[in-house]
Amino acid sequence: MAGNALELVSADPGRAAEHARRALELARCHGDLLAQSMAHRALGLAARELGDLDTALRALSTAIRVAAEAGLDVPAGQARMSRAFVLLSQGRITDALRDAEASAVNLRGLDRARLLAQRGLILQRAGRLDDALAVYAAAMPLLRRHRDRLWEGRLRNNRAVLYAYQGSSRLAKADIARAERLFEELGLPRALAGARWNLGFVEARRGDIPAALASLDAASEAYRRAKMPVGLLLVDQCDVLLAAGLVAEARQVAITAVAELSAHRQSADLAEAHLMLARAELADGAPAAARRTAATAQRSFTRQQRPSWAAVARHVGLRSAWADGERSPALLRSALGTASRLDAAGWAAAALDTRLMAARMAIDLGRLDVAQAQLSTAARARRSPHLDLQAQAWHALALLRRQAGDRRGAYAAVSAGLDAADQRRALLGATELRVHVAGQVEELADLGITLAIAEGAAAQVLCSTERHRAATMRMRPLRPPRDPALAGLLARLKAAARQAEEALLADTPSRELDVRRSALEQQVRRRIRYAAGAPGGRPWSALDEHGLAEALGDRVLVEYLECAGDLHAVVLRAGECSLHRLGPVGPVALEVESLRFAWRRLLTGHGSAASLRAAQELAAAAGARLDAALMLPLAPLTGNRPLVVVPTGFLQSLPWPVIPSCASRALTVAPSAATWLAARNASRDRAGRGDQAARRVTLIAGPGLPGSNPELDAVAALYPAADVLTGQAATVGAALRALDGADVVHVAAHGRFRADNAMFSSLVLADGPLSVYDLEGLRQAPRVIMLTACDSALSPVLPGDEMTGLVAALLAMGTSTVIAALLPVPDPVIGSLALGWHREAGSGRAPAEALLAVRAQARETGPLAHVTASALACLGYGG
């Protein structure tokens, strides 16, 4: 019976423990010491599987004692072999190896082969990868000779992780595939879930983020169903989320992992969780916290005699000190020593990053010889098959060439590094993942811009800025193909969101509904992330300055950018490019916040008459100061010409017509010059394929807006053949069908901008929200669309001036022009402004000129109409 309990441990540890307890009672009744030892061992192994390491250690120690006192050498050796793994999980590496060595004295044949497999894992967790590989090589033929499929699968599953650390992804995936087949043949779903977990780790190491997320989520689901501990799995999930740039989510996952592993007293895994938490804290902009957490991890690894892991923790600590502003000879010495230790241990990515940091520190400290040596070593990795290592290596080469005075060579290296980032972005299908790639090469992109500014080459500054700006919008979003599970999740999310909205409107908000909606949103995000891109993707073509100048005609392009805390503008007028330093970013950013605050107060009408007068004065003053900072220095070049403005980060939310110099001219806002040019070309192509009378027009009104139906009726009078969706007919599905391929669209609906995740920004329709995820499923986006929803033009500020949200999704999908609001817009006024814009656009005016005419009419109508009209923006191509 004790033997049956041992066999059951891998499949069902809970039942195995029950069998073992009954076997122990019987063995005691019969005085059977061998059965007693086996039963204690089964109890220990079951407790280990269930995450109770203290109970496991006591049971296995008892198994060893019972067997030893009875002179049963082989059972004692087997129990020591099992205890070694528990000691490993507790971080007691030396004790684990001592148990393994003691077991070797008494074990022969199959038991010895299993011992070798376990000893290899101990060495692997200790960071002695070459030693572990040699032990695995000795164990494998013995296990296969005895046809032990379970232990062969375990060995392959563990060795795959080792191969992944060494960068041998082909060997790692081959081991995982064989382990999965073995576990399937044996009918061991728990072991199969473990293989899926390791597959996720392997995919992450080779850079396939969507595949890694899918594998880890599947493993996590299986572990939770089986009520198995998931602490260490969460550590790997955090690693992948960090690689994907999902920093806030990664930090929360790491915190959960630390809590779970602390509760189970799994010291070895806990040290790795602390290391991952430190990385997440650093990425999340908390270097002081990261430094403390990395020090905790380093102490644990040192105490556990895991020197290579301690070096990785030291690397994160150094990175944190660097991010916290420390520049000292002591920190440089530590970085140089840590880089060498990381190289020796096979941690290539951490070693390269440490060398790059050491080189930049050496430059700051005037140690140019040290910097050159470190950069030369780091630059060799540009031939690595891993795209993230390539980008870092090209960064190193760019710095090396800059130091040598080779500006052209430095530019080329920056471009090559950004090419690697583009390739990485192309491998990701989900917009949420793509937009974060820019943050991972932000310092490299900034170097290219810094080089161009130092040279005073305006055209080069424009090209360098465009090279990195809004790169995700050059790529069409991808979705998992024909995914019924995703469709079902989106349908459930819409229903939950509608119920939450109804409860809110009824003044009976429900926390339960909010929690359910949040959980469904998380499931949708996970599912979307599984979409894979295509290797290679669309290659970057250098900005055609001549073609851009020709397309602009009499318009003036003003592209803003940040560099080293200063705001700059590149102006392109009549084929001539010029560069202008406008001053520090900080004061301008504060003025934008002040203006938005005041304008929002004026639009919503909140407050007393005195407070509204104060808001009006604040808005006027902020507008004048922003004019002085942003436009007046460029006035000799811009004159009264139409403008195409490409704002940087914090300027994306600025309602430009509020600025006096912009109030009386046609103005278009674009994410980048390249997207403006692409939108212009697409608009001309689509407009040229059909006559005016054959245009498809779609008009949609959502619920809960008293003025939406009259607004739509007035607009519909201008388009007698339009598809009109109102009331219960205005569902998400019907709206998407009507939007697909339409020429002109008008949507009057409540809008929700989600600052926490702009991918869930939405328009409220009859059966729930139409979100960014829905828009990304369109086959062909509408050519021109007007959104009268509040805040519908907003996007969060992201590195690389990437954008997400409703407008960003439409432009990325191929929409040429979006008219939308950057602030809340009052329902009584917006309808007449929308009608005015459609009337002007229908008469032949270009979109931006039509909006200018509406602003002029609004000034005559009254203050609220004027304030509302100034909150509308023409985005993409304004004609």
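Note: the structure precedes this text.
Predicted model only: the values in this text are computed from it and were never measured. (Residues numbered from 1 in each chain as written. Predicted model: local features only at pLDDT ≥ 70, side-chain atom pairs only at ≥ 80, totals over all residues. Heavy atoms only, no water.)

**Overview of the overall build of the chain**
Where we set the bar: A run of H or I in DSSP counts as a helix once it spans at least four residues, and a run of E counts as a strand once it spans at least two, with each numbered from the N terminus. Burial classification: accessible surface area is computed with a 1.4 Å probe over protein chains only, and a residue below 20% of its type maximum counts as buried, one above 50% as exposed, and the rest as partly exposed. Residues count as neighbours in contact if any of their non-hydrogen atoms are within 4.5 Å of one another. Values of accessible area rely on a 1.4 Å probe in the Shrake-Rupley scheme; residue burial ignores everything except the protein chains shown. Charged-residue counts in this description rest on Lys and Arg as positive and Asp and Glu as negative, His and the chain ends being excluded. Here the site of a charge means atom NZ of a Lys, CZ of an Arg, CG of an Asp or CD of a Glu.
Assigned secondary structure in the chain consists of 40 helices and 14 strands. By principal-axis analysis of the C-alpha atoms, the chain measures approximately 105 × 65 × 55 Å. The 879 residues of the chain split such that 59% are buried. Long-range pairs, those at least 24 residues apart, make up 70% of the contacts in the chain with a sequence separation of at least 6. Within the structure as shown, the chain displays about 34500 Å² of accessible surface, and the carbon and sulfur contribution to it stands at 52%. The averaged location of the 87 negative side-chain charges in the chain is 4 Å from the averaged location of its 104 positive side-chain charges.

**So, the pairing of strand 8 (residues 744-748)**
Basically, it comes down to this: Should DSSP find at least two bridges between two strands, the strands are taken to pair.
Taken across its five residues, strand 8 has five buried, putting it largely inside the fold. Burial along strand 8 is two-sided: V744, H746 and A748 facing one way and V745 and V747 facing the other are all buried. Where strand 6 (residues 697-701) lies against strand 8, five bridges are found, and the strand directions are parallel. Paired with T698 across the bridge in strand 8 is V745. Here strand 8 runs beside strand 12 (residues 784-787); their pairing, made up of four bridges, is parallel. What sits directly across from H746, in strand 12, is M786.

**Points about the pairing of strand 10 (residues 762-765)**
The two faces of strand 10 match: S762 and V764 on one face and L763 and L765 on the other face are all buried. Summarising the sheet, strand 10 and strand 11 (residues 768-771) pair through four bridges and their orientation is antiparallel. Bridge pairing links L763 to L770 in strand 11. The turn joining strand 10 and strand 11, which pair antiparallel and follow one another in sequence, is formed by two residues.

**Brief notes about the pattern of salt bridges**
Under the convention used in this document: Salt bridges are counted wherever a side-chain nitrogen of Lys or Arg sits within 4 Å of a carboxyl oxygen of Asp or Glu.
On inspection of all chains with the given rule, the structure shows 46 salt bridges. Among the ionic pairs, E69 bridges to R65, the shortest N-O distance being 3.8 Å. Taken together, the residues span about one helical turn, with E69 and R65 both in helix 4 (residues 53-69) at a distance of four residues. Overall, the relative accessible area of 62% leaves E69 in the exposed class. Look at R65 and you get partly exposed, because its relative accessible area is 43%. For D369, the salt bridge identified is with R367, shortest N-O distance 4.0 Å.

**Remarks on the side chain of T472**
The test is simple: By the criterion applied in these results, polar contacts are pairs of N or O atoms within 3.5 Å in which, for protein atoms, one can donate a hydrogen and the other can accept it, and in which residues neighboring in sequence qualify only through two side-chain atoms.
Considering the arrangement of structural elements, one finds T472 in the loop between helix 26 (458-468) and helix 27 (484-505). Judged by its relative accessible area of 5%, T472 is buried. Within the structure, T472 has its side chain in polar contact with the backbone oxygen of R434 (distance 3.4 Å). Excluding residues within four positions of it along the chain, T472 makes contact with R425, T431, R434, V435 and E802.

**Examining helix 9 (residues 149-165)**
Stated formally: Expected span of a helix, by definition, is 1.5 Å for each gap between consecutive residues, and there is one gap fewer than residues.
A rise of 1.5 Å per residue sets the reference length of helix 9, with its 17 residues, at 24 Å; its end C-alpha atoms lie 25 Å apart and thus fit the reference within 8%. Across the 17 residues of helix 9, 13 count as buried, placing the element largely inside the fold.

**Comments concerning the environment of T431**
Mapped onto the elements, T431 comes out in helix 23 (residues 431-434). Along the sequence, T431 and R299 sit 132 residues apart, while their C-alpha atoms lie 39 Å from each other. Excluding residues within four positions of it along the chain, T431 makes contact with T472, P477, M759, E776 and T804. Polar side-chain contacts of T431 include one of 2.6 Å to the side chain of E776.

**Considerations on the sheet that holds strand 10**
Sheet strands associate in pairs through backbone hydrogen bonding, adopting either a parallel or an antiparallel arrangement. What counts, and what does not: Under this scheme, a helix contributes an axis fitted over its contacting stretch, all axes are lines through C-alpha atoms, and angles between N-to-C directions fall in the 0 to 180 degree range.
The three strands are arranged 9-10-11 in an open sheet whose pairing can be described as antiparallel. The outermost strands of the open sheet, each flanked by one partner alone, are strand 9 (751-752) and strand 11. Along the sheet, helix 35 (residues 732-739) contacts strand 10 and strand 11; its crossing angle with strand 11, the most-contacted strand, is approximately 30°.

**Re the packing of helix 3 (residues 33-49) against helix 4**
The relative placement of two packed helices is expressed as an angle between their axes plus a distance between the axes. For clarity, the cut-off: Each angle is binned into one of four classes, with values under 35 degrees roughly parallel, values over 145 roughly antiparallel, values of 65 to 115 roughly perpendicular, and all other values oblique. Crossings are classed by handedness, with left-handed meaning an anticlockwise turn of the near helix from the far one by less than a right angle and right-handed meaning a clockwise turn. Note on residue categories: nonpolar means Ala, Val, Leu, Ile, Met, Phe, Trp, Tyr, Cys or Pro, charged means Asp, Glu, Lys or Arg, and polar means any other residue, Gly included.
At a minimum axis separation of 7 Å, helix 3 and helix 4 run at an interaxial angle of 160°. Considered as vectors, helix 3 and helix 4 are oriented roughly antiparallel to each other. Read as a crossing pair, helix 3 and helix 4 show a hand that is left-handed. Together, L33, Q36, S37, H40, R41, L43, G44, A47 and R48 of helix 3 and L53, T55, A56, A59, L60, T62, A63, V66 and A67 of helix 4 make up the contact between the two elements. Partitioning the contact of helix 3 with helix 4 into residue classes produces ten nonpolar, six polar and two charged.

**Topic: unusual backbone geometry**
Unlike most non-glycine residues, R265 shows phi in positive territory, near 55°. Within the secondary structure, R265 is located in the loop between helix 14 (247-263) and helix 15 (267-283). In this model, A564 sits at a positive phi of 55°, which is unusual for a non-glycine residue. Relative to the elements of secondary structure, A564 occurs in the loop between strand 1 (556-563) and strand 2 (566-573). According to the relative accessible area criterion, A564 is exposed, its value standing at 80%.

**Some words on the nonpolar core**
Selection rule: Side-chain atoms within 4.5 Å link the members of a nonpolar core, which is a set of buried Ala, Val, Leu, Ile, Met, Phe, Trp, Tyr and Cys residues.
Counting 211 residues, the largest nonpolar core has Y560, L630, L651 and W656 as its most contacted members. Considering every element that reaches this core, the biggest residue donor is helix 21 (residues 387-403), with ten residues. The contact partners of W656, leaving out residues within four places of it in the chain, are Y560, L630, M631, V645, P647, L651, C662, L667 and V669. Core analysis: the second largest hydrophobic core is formed by 61 residues, L57, L121, V202 and V316 among them.

**Re the state of the cysteines**
Condition: Throughout, disulfides are identified as pairs of cysteine sulfur atoms within 2.5 Å of each other.
Applying the stated criterion to the full structure yields zero disulfides. Cysteine C563 remains unbridged, with the sulfur of C577 as its closest cysteine sulfur at 16 Å. Judged by its relative accessible area of 11%, C563 falls in the buried class. Of all cysteine sulfurs in the structure, the one in C463 sits closest to C577, which takes part in no disulfide; the separation is 7.9 Å.

**Considering the packing of aromatic side chains**
What counts is decided by this rule: In summary, the pairing rule links any two rings of Phe, Tyr or Trp, Trp by its six-membered ring, whose centres are within 6.5 Å, and it sorts them by plane angle into stacked for under 30 degrees, edge-to-face for over 60 and tilted for everything else. Each ring is checked for a lysine NZ or an arginine CZ that lies within 6 Å of its centre and within 35 degrees of its normal; such an atom marks a charge sitting over the ring.
For the structure on display, the rule yields nine aromatic pairs. The rings of Y165, F201, F301, W309 and W347 are connected pair by pair, giving a single aromatic cluster. The lysine or arginine in question, R154, covers the ring of W151, its NZ or CZ lying 4.9 Å from the ring centre. The side chain of R327 reaches across the aromatic face of W322, ending 3.4 Å from its centre.

**Overview of helix 21**
Here helix 21 is 17 residues long and its end C-alpha atoms lie 24 Å apart, about the 24 Å a rise of 1.5 Å per residue gives. For helix 21, the complete set of buried residues consists of L387, L389, Q390, A391, A393, W394, H395, A396, L397, A398, L399 and L400. Considering only its buried residues, helix 21 is in contact with helix 19 (348-364), helix 20 (368-379), helix 22 (407-426) and helix 25 (442-455). With its phi angle positive at about 85°, G405 sits one or two positions after the end of helix 21.

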